[in-house]
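Residue-level structural notes
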Amino acid sequence: MASVAPLSPRPAGSFSIENEQAPSVPLGGYVGFQTITDQIQKRMLQRGFEFNIMVVGQSGLGKSTFINTLFNASLLSSTGRTLPTTPIPQTTSISTTTHTLTEGPVRLHLSITDTPGFADTINNDRCWDPIVKYIKDQHSAFLRKELTAQRESRIRDTRIHCCLYFVKPRGGRGLSELDVMVLKKLADVVNVVPVIAKSDSLTLEERAEVKELIRSDFQKYGINLYPYSAPFMTDDDSAINHQIHSLIPFCVIGASSSFPHPSHPQKLIRGRRTRWGVIDVEDERHCEFVYLRNFLMVTHLYDLIDTTREVHYEGFRAKQLLALKESSAGGNAGQGQQQQPGRPSSRQALGGY
Amino acid sequence: MPMPQSYSRAPRRGKNVKKGVQFTVMVVGASGTGRTTFVNTLCNKHLLDHYRDANDAENAHTEHDVNIRAINTELDGESTRISLTVVDTPGFGDMLDNEESFTKILGYLERQYDEVLSEESRIKRNPRFRDNRVHAVLYFILPTGHGLRELDIELMCRLAPRANVIPVIGKSDTLTPDELALNKRLIMEDIEHYRIPIYNFPYDIEEDDDETVEENADLRRKLPFALVGSEEVETFDDGSTIRVRTFPWGTVEVDNPDHCDFSALRSALLETHLADLKDITHDFLYENYRTEKLSRSVNSGSHAADVSIDSIDPSDLANQSVRIKEEQLRREEEKLRDIELKVQRELSEKRQELLAREEQLRSLEARLATGATPSQQSLVPSETQ
């Protein structure tokens, strides 16, 4: 006898498809569709994954070294000055490099966007403008491709999925004026994860103190950091979110070289050999690298991509299409150029960053 | 200002030891560069706070300006006592737009010179005048691995003509030996490239003796000084203590010359090169400022547009100083006159008051005489005893 399921929304999972017209019916025996997850996996492995990460921070905070440490590969070379004759950049520029990384059966097309020149001048007002513009431009390009009548079957996704913001630790203080401004602007358009690199300059007490101050500043200024809380989240998800928020900002160390562990010479570790001791990047007592890596790679990699699509891109898309509708309704004869927004009108609507 | 070394009578020498050598150091650097900790380590006491006062915690990072605050402390050395003034500059480099910071700090330095200049020109000098000229500016650089930032270059260029600027790396405990060497090299290359005239422990191979030459060359090689500061103390079994920073992977000893350059800088600053820094400040930097300032005011005063600095004759300079003295005199006279007027006013007020009181007393007596009952006697409210 079929039993009718209750019509109230289920708490499990925020993205489950609810359909009140389709009551759930128990199966009499084997059907076989539960292997769809394997089929999906096979298809996805064939396609490969795209992940776009951006690093933002003053020069010299350890961004490039951290990325190389995170992906255990030599991906970024530092964009800072090495010669006195190199001029000091006066604006923030954007530079993106792409690599294909393979781990096991998974191919990852990784794009890293670096922002050399950010906050490197005396007057840093509006140094974040090129960054916000770049992020929005990627959304805009994707939207345009989506709206074309003859569009590609697989649009290349250049939207930034994760933005690592590197904070410079200040003794006894929390965020600087610049940090607050930039974090607010970025948190509106992208998933932001704040990081303190080169944290080996801080003793453990200093780290705890700095984190406390910075976290209270996040609250005070209403900076909404990833991971976001969703209305229908499982308890497990909430617990993980809570744990991550208690760790932000992550205190990490970057290491470009590996060498034998001092006490276990057969094991190679990545770390730093200072004059008074050896720092192991993957030792939780030394820094929070493993937590951040687990967060970004092991537990939340797909969620970062998904959230960019579902939250940031959707928000951008909604705003743009509404603006387009208004401008085409009020402006020239409603030719209904919804399919392929003509350049002038789209410029009008999309220009207001 | 003349140091008491010239006195030879025994009581005066006692006074000298009690008063101590006066020395002023300014520390400049963005927050997070190790400035505050260094000062506390240098003075061996908690002189500066990392936190602003509780009232300011609300606005802790809406810094709109550099604060300049001078704090005095006594340091007891082996042979001398130093009356050290530390000038801290919180807020520098922490704002969104830091353009204004330079003028403020430079203004402070020049104001101290101005005070000495006007004091020197006074007809009657103040025997207790305190010379607040800054003898050394320690500029704290973050070891980014990319040399100097624009802010660093600009600040050192602007301050170097007015004070002895010594660049330091405030937090060097993170650097491996290779990284430290790289950072020092890049910073010194930038300093040379941008021609920043820092204080580089000058010596003359011909004039000075070998020991001095070697000492100074050694200190010059250490530039910028790699510092580690700490107020944390580690106690050993025998009761001795050293200042340390403890990490999960090891311990850094602040006073160990193999671990950092703190002890080298401390002895140079407070012992071996203290006199040199003061001399350069007075004989060279101050004199330059004085010349520039006086020739500037002569230039602006004269109507002829083609008066160049070279063609100013000494009599004009003398006139200038006479004019300054006259200005001083006039101002002092005005002040005295104001004080006189005030005193007279107060006197007359007091007289009025006394008269009023007398009146009251007399009327009271009169009432008593006419036999008013005790209960009807009303006490004059504000009668002073």
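Criteria and cut-off values
Residues numbered from 1 in each chain as written. Chains lettered and ligands numbered in written order. Predicted model: local features only at pLDDT ≥ 70, side-chain atom pairs only at ≥ 80, totals over all residues. Heavy atoms only, no water. Helix = DSSP H or I, 4+ residues; strand = E, 2+ residues; numbered from the N terminus. Buried < 20%, exposed > 50% of the residue type's maximum accessible area, 1.4 Å probe, protein only. Contact = heavy atoms within 4.5 Å. Areas by Shrake-Rupley, 256 points an atom, 1.4 Å probe, with all protein chains shown as cover. Polar contact = N/O pair within 3.5 Å; in protein donor to acceptor, adjacent residues only side chain to side chain. Phe/Tyr/Trp six-rings, centres within 6.5 Å; stacked < 30°, edge-to-face > 60°. Lys NZ or Arg CZ within 6 Å of the ring centre and 35° of its normal. Salt bridge = Lys/Arg side-chain N within 4 Å of Asp/Glu carboxyl O. Expected span 1.5 Å × (residues − 1). Arc of directions from axis to C-beta. Domains from an automatic or database assignment. Buried area = accessible area lost by both parts, 1.4 Å probe. Nonpolar A, V, L, I, M, F, W, Y, C, P; charged D, E, K, R; others polar. Pairing = 2+ DSSP bridges. Axes fitted to C-alpha atoms, helices over the stretch in contact; angles between N-to-C directions. Core = buried A, V, L, I, M, F, W, Y, C linked by side-chain atoms within 4.5 Å. Right-handed = clockwise from strand over helix to strand, strands pointing away.

Here the focus is the overall build of chain A. Within chain A, the regular secondary structure consists of nine helices and nine strands. Considering chain A as a whole, with its 353 residues, one finds that 45% of them fall into the buried category. For chain A, restricting intrachain contacts to residue pairs at least 6 apart in sequence, the fraction spanning at least 24 positions comes to 69%. Accessible surface, chain A as shown: approximately 19000 Å² in total, 53% of it carbon and sulfur.

On to the overall build of chain B, then. Looking only at helices and strands, chain B has nine helices and nine strands in total. Summing over all exposed atoms, chain B offers an accessible surface of approximately 22000 Å²; the carbon and sulfur share of this is 50%.

Counting through the fold element by element, arginine 149 of chain B comes out in the loop between β4 (136–141) and α4 (150–159). Classification of arginine 149 of chain B as buried rests on a relative accessible area of 15%. From its side chain, arginine 149 of chain B meets the backbone oxygen of alanine 119 of chain A in a polar contact 2.8 Å long. Residues within four places of arginine 149 of chain B in sequence aside, it is in contact with Gln58, Ser59, Ile88, Ala119 and Asp120 of chain A.

Next up on the list: the packing of aromatic side chains. Applying the stated criterion across every chain, the model contains 16 aromatic pairs over all chains. Pairing phenylalanine 92 of chain B with phenylalanine 102 of chain B gives two aromatic rings, centres 6.2 Å apart and planes at 65°, and the pair type is edge-to-face. Note that phenylalanine 92 of chain B is positioned in the loop between β3 (81–88) and α3 (99–121) and phenylalanine 102 of chain B in helix α3, a separation of 10 residues in sequence. Given a relative accessible area of 0%, phenylalanine 92 of chain B falls into the buried group. Among the aromatic side chains, those forming a connected cluster through ring pairs are Tyr226, Tyr228, Phe250 and Phe295 of chain A. Above the ring of phenylalanine 142 of chain A, the side-chain terminus of arginine 159 of chain A is found at 3.7 Å from the ring centroid. Between arginine 133 of chain B and the ring centre of tyrosine 286 of chain B, over which it is positioned, the NZ or CZ distance is 4.8 Å.

A few words on the pattern of salt bridges. Residue and element names in this part refer to chain A. Evaluated as defined, the whole model comprises 41 salt bridges over all chains. Here arginine 215 ties to glutamate 212 by a salt bridge, and the two come within 3.7 Å at their closest N and O atoms. Here glutamate 212 and arginine 215 lie together in helix α5 (residues 204–220), a separation of three residues that amounts to about one turn.

A word on helix α6 (residues 235–247) of chain A. All names here are of chain A. With 13 residues, α6 extends 19 Å from end C-alpha to end C-alpha; this agrees with the ideal 18 Å at 1.5 Å per step. Taken residue by residue, α6 has Asn241, Ile244 and Leu247 as its buried positions. Here the buried residues of α6 occupy an arc of 125° about the axis, which is enough to place them on one side. Facing away from the buried side of α6 by more than 90 degrees, the exposed set consists of Asp235, His242 and Gln243.

Another point: the domain arrangement of chain A. All names here are of chain A. Each domain of chain A was delimited in the assignment, giving domain 1 (40–226) and domain 2 (253–286). On the domain 2 side, the residues contacting the eight residues of domain 1 number 10 residues. Both sides together, the interface formed by domain 1 and domain 2 hides about 700 Å², and carbon and sulfur atoms give 47% of it. Inspection of the region where domain 1 meets domain 2 yields one salt bridge. With a closest N to O distance of 2.9 Å, aspartate 200 and arginine 272 form a salt bridge. Of all the secondary structure elements, the ones that give two or more residues to the side of domain 1 that touches domain 2 are α2 (63–70) and α5. For the side of domain 1 that touches domain 2, the residue count by class is one nonpolar, five polar and two charged.

Backbone-to-backbone hydrogen bonds pair the strands of a sheet. The strands run either parallel or antiparallel. Residues and elements named next belong to chain A. The sheet built from three strands is open, its strands ordered β7-β8-β9 with antiparallel pairing. The open sheet has two free edges, formed respectively by β7 (258–260) and β9 (277–280), since each of these has just one partner strand. Within this sheet the neighbouring strands show an average axis-to-axis angle of 65°, counted without direction. Of the strand pairs in this sheet, β7 and strand β8 (residues 268–274) are connected by three bridges, and their pairing is antiparallel.

Core analysis: the largest hydrophobic core is formed by 154 residues, its most contacted members being Leu164 and Leu186 of chain A together with Phe23, Leu84, Leu138, Phe225 and Leu269 of chain B. Aside from chain neighbours lying at most four places away, what touches leucine 186 of chain A is Val56, Ile131, Val132, Ile135, Cys163, Tyr165 and Val192 of chain A.

Let us look at the pairing of β4 of chain B. All names here are of chain B. Taken across its six residues, β4 has six buried, putting it largely inside the fold. Alternating residues of β4 divide into Ala136, Leu138 and Phe140 and Val137, Tyr139 and Ile141, and every residue in both groups is buried. Sheet analysis places strand β1 (residues 21–28) next to β4, joined by four bridges and oriented parallel. Bridged to valine 27 within β4 is leucine 138. Direction of pairing for β4 relative to strand β5 (residues 165–169): parallel, over a ladder of five bridges. For valine 137, the partnering residue across the bridge sits in β5 and is valine 165. After leaving β4, the chain enters α4 and then returns to the sheet as β5, a path that is right-handed.

Turning to the sheet that holds strand β7 (residues 233–235) of chain B, a few remarks are in order. All names here are of chain B. Pairing is antiparallel in the open sheet, where three strands are placed in the order β7-β8-β9. Edge strands, defined here as strands with exactly one partner in the open sheet, are β7 and β9 (250–253). Averaged over all adjacent pairs, the angle separating strand axes in this sheet is 55°, with direction ignored. Pairing analysis gives four bridges linking strand β8 (residues 241–247) to β9, with the strands arranged antiparallel. From the neighbouring strand, arginine 245 faces β9, where its bridge partner is valine 252.

Turning to α3 of chain B, a few remarks are in order. Given 3.6 residues per turn, any residue in an α-helix points the same way as the ones three and four places further on. For α3 of chain B, which comprises 23 residues, the first-to-last C-alpha distance of 34 Å matches the rise-based estimate of 33 Å (1.5 Å per residue) to within 8%. Within α3 of chain B, burial applies to Ser101, Phe102, Ile105, Leu106, Tyr108, Leu109, Gln112, Tyr113, Val116, Leu117, Glu119 and Ser121 of chain B.

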